[in-house]
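Listed here are the chains, written in short residue letters.
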Amino acid sequence: MNRWRIVVVTLVVLAIVSMIISVLFFDLAWWRRSLASLGSARAPHRAWRTALFQDEGVRANFATLIASLVTQFLFGVLILYLVPDRVRNMAQDLSKGWQRVLKFFAVGVLMVVILGAVGLLSILAVHTMPLPFILLGILFLASFSGVVALAYQLGFAMLARAGWTSRSPLVSLVLGTLILFALTNVPYLGSIFLIMVLLTGAGTSIATRFGSGKPWNLLPLMEDVQA
Amino acid sequence: MPDRLDELLAVMPADPCPEDLTVRIQARLTYMRWRSRRIRRVLHFMLVGVSVVGMWLILPRVETFLTALPDLSLAAVEEWLNALARSPGEALLNLSGVIITWISELASALEIEIVLALGILTASALYGIITLLSNGASRKEAMA
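Calculation notes
- Residues numbered from 1 in each chain as written.
- Chains lettered and ligands numbered in written order.
- Predicted model: local features only at pLDDT ≥ 70, side-chain atom pairs only at ≥ 80, totals over all residues.
- Heavy atoms only, no water.
- Helix = DSSP H or I, 4+ residues; strand = E, 2+ residues; numbered from the N terminus.
- Buried < 20%, exposed > 50% of the residue type's maximum accessible area, 1.4 Å probe, protein only.
- Contact = heavy atoms within 4.5 Å.
- Areas by Shrake-Rupley, 256 points an atom, 1.4 Å probe, with all protein chains shown as cover.
- Core = buried A, V, L, I, M, F, W, Y, C linked by side-chain atoms within 4.5 Å.
- pLDDT = per-residue confidence, 0-100.
- Buried area = accessible area lost by both parts, 1.4 Å probe.
- Polar contact = N/O pair within 3.5 Å; in protein donor to acceptor, adjacent residues only side chain to side chain.
- Nonpolar A, V, L, I, M, F, W, Y, C, P; charged D, E, K, R; others polar.
- Expected span 1.5 Å × (residues − 1).
- Axes fitted to C-alpha atoms, helices over the stretch in contact; angles between N-to-C directions.
- Left-handed = near helix turned anticlockwise from the far one by under 90°.
- Parallel < 35°, antiparallel > 145°, perpendicular 65-115°, else oblique.

## Structural notes on the overall build of chain A
Now for step 1: Looking only at helices and strands, one finds 8 helices and 0 strands in chain A.
Now for step 2: In chain A, the succession of α and β elements from N to C terminus is α-α-α-α-α-α-α-α.
Now for step 3: For chain A, with 227 residues in total, the buried portion stands at 37%.
Now for step 4: Here the analysis covers contacts within chain A between residues at least 6 apart in sequence; of these, 68% occur between residues at least 24 apart.
Now for step 5: For chain A, the computed accessible surface area is about 13100 Å², with 71% contributed by carbon and sulfur atoms.

## Concerning the nonpolar core
Now for step 1: Counting 30 residues, the largest nonpolar core has Val87(A), Leu94(A), Leu173(A) and Ile129(B) as the members making the most contacts within it.
Now for step 2: Of all the secondary-structure elements, those providing two or more residues to this core are α2 (56-82), α3 (84-94), α4 (98-122), α5 (131-162), α6 (169-184) and α7 (189-207) of chain A together with α6 (112-143) of chain B.
Now for step 3: Top contributing element to this core by residue count: α5(A), with 8 residues.
Now for step 4: With residues up to four places along the chain from it excluded, the contact list for Val87(A) reads Ile79(A), Leu80(A), Ala149(A) and Tyr152(A).
Now for step 5: In terms of nonpolar packing, the next biggest core, distinct from the first, is built from 13 residues, Ala117(A), Ile58(B), Ile103(B) and Leu110(B) among them.

## Observations regarding the confidence of the model for chain B
Now for step 1: Chain-level pLDDT for chain B is 80 on average; 86% of the residues reach the 70-or-more range.
Now for step 2: In the model of chain B, helix α3 (residues 62-68) of chain B stands out as the element of lowest mean pLDDT, 70, in contrast to helix α2 (residues 21-58) of chain B, which has the highest, 89.

## Overview of the interface of chain B and chain A
Now for step 1: The partner chain A presents 24 residues to the 25 residues of chain B that form the contact.
Now for step 2: Summing the contributions of chain B and of chain A, the shared interface buries around 2200 Å²; its carbon and sulfur component is 84%.
Now for step 3: On the surface where chain B and chain A come into contact, there are 1 residue pair in polar contact (both at pLDDT 80 or more).
Now for step 4: Elements represented by at least two residues in the side of chain B that touches chain A include exactly α4 (74-86), α5 (88-109) and α6 of chain B.
Now for step 5: The leading source of residues in the side of chain B that touches chain A is α6(B), at 17 residues.
Now for step 6: Broken down by class, the residue content of the side of chain B that touches chain A amounts to 17 nonpolar, 5 polar and 3 charged.

## Focus on unusual backbone geometry
All names here are of chain A.
Now for step 1: Positive phi, close to 70°, is recorded for tyrosine 188, a residue that is not glycine.
Now for step 2: Within the secondary structure, tyrosine 188 is located in the loop between α6 and α7.
Now for step 3: Unusually for a residue other than glycine, phenylalanine 210 sits at a positive phi of about 55°.
Now for step 4: As for its position among the elements, phenylalanine 210 is in the loop between α7 and α8 (219-226).

## Re helix α1 (residues 3-25) of chain A
Since there are 3.6 residues in each turn of an α-helix, residues three or four apart along the chain are aligned in direction.
Now for step 1: The first and last C-alpha atoms of α1(A) sit 33 Å apart over 23 residues, in line with the 33 Å expected at 1.5 Å per residue.
Now for step 2: The set of residues buried in α1(A) consists of Val8(A), Ala15(A), Ser18(A), Met19(A), Ser22(A), Val23(A) and Leu24(A).

## Observations concerning the environment of Ala14(B)
Residue and element names in this part refer to chain B.
Now for step 1: Topologically, alanine 14 is positioned in the loop between α1 (4-11) and α2.
Now for step 2: With relative accessibility at 84%, the residue alanine 14 sits in the exposed group.
Now for step 3: Between the alpha carbons of alanine 14 and valine 48 there is a distance of 52 Å; along the sequence they are 34 residues apart.

## Focus on the packing of α3(A) against α5(A)
Residue and element names in this part refer to chain A.
Now for step 1: Axis separation between α3 and α5 bottoms out at 9 Å; the angle between their running directions is 65°. For α3 against α5, the interelement crossing comes out right-handed. Contact with α3, carried on its side by Val87, Met90, Ala91, Gln92 and Leu94, involves Ser145, Gly146, Ala149, Leu150, Tyr152 and Gln153 of α5 and no other residues of that element.
Now for step 2: Across the contact of α3 with α5, the residue classes break down as 7 nonpolar, 4 polar and no charged.

## Examining the packing of α4(A) against α5(A)
Residue and element names in this part refer to chain A.
Now for step 1: Following both chains from N to C, one finds α4 and α5 inclined at 160°, their axes separated by 8 Å at the closest point. When the interaxial angle is binned, α4 and α5 end up roughly antiparallel. The way α4 lies across α5 gives a crossing that is left-handed. Of α5, the residues touching α4 (which contributes Val112, Leu115, Val118, Gly119 and Ser122) are Leu131, Pro132, Leu135 and Leu139.
Now for step 2: Among the residues forming the contact of α4 with α5, the class breakdown is 7 nonpolar, 2 polar and no charged.

This is the structure:
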């Protein structure tokens, strides 16, 4: 068996095990708690050993986890079907090495600084007041589109190394989404990883101009000036 | 009818090509590249310095912005949803009032130094993005 096939299978198993551990020991379904208990820390599910499926908290956690995973995957499928060329362009740019991924992360961080500053400055004028909300929407879309490309490329690269290239693109998306989702659900560290993934996603979208495949320069405008 | 090449040929010097012309062109190109690199380095250094000043101006005032943020607890959201169910018009009117109050509080917290610092940070970050991405793009074009 190809060494990468073992790695892929191991990663999938680890991702599932990690998610199950999160479900059993941590409070994922925080929104189910009563408003009065929000200020206090909730004890982990102590009854899981004896009555795993009777524990309402565990069941709520499972439901939350599965619903979040499915939602993320379905959003990815929607993006893949809506703009396959753009996702491919973003994925190809991401496949050019870790240096490129780090660059996209840096672009994401700088973009958040710009949007935050512009958002704050825009409240000074009446006609630019809605800008913070619009910028927030753009950043949200950019982040999630980039994360879809990141998940797809991650899955594709792993399947290609394992020799499973003749599969549907959706299989790559499933694998990538599963790995990224499991990492973002690791207790405590997951939030930091989630922020990093979202920033990289935003950077990927911005750097590739939402996957248009065109370079970041003003050449089209300069051609007009020279003509 | 003479074409463009004929015109260029006519304005070319009749003297023979100087022996050191190639060397001079190469030296000139090297100098120009060295100068543009140096200008870029000075610009980078200046922008990093200016960004540090911007951060230094902003950081002590972050608390002001955070206190200006409205209380977005689940209890407040639940209360607003209940109000929306009871009387949608009144709830939306209240929400717009809260947003306008928040924006005006935030705007009053924006002193001249903060506005300046935000402008500096925006310019530096934008320059950073353009430098990061343009370098990659121009290298890609050169390789093509």
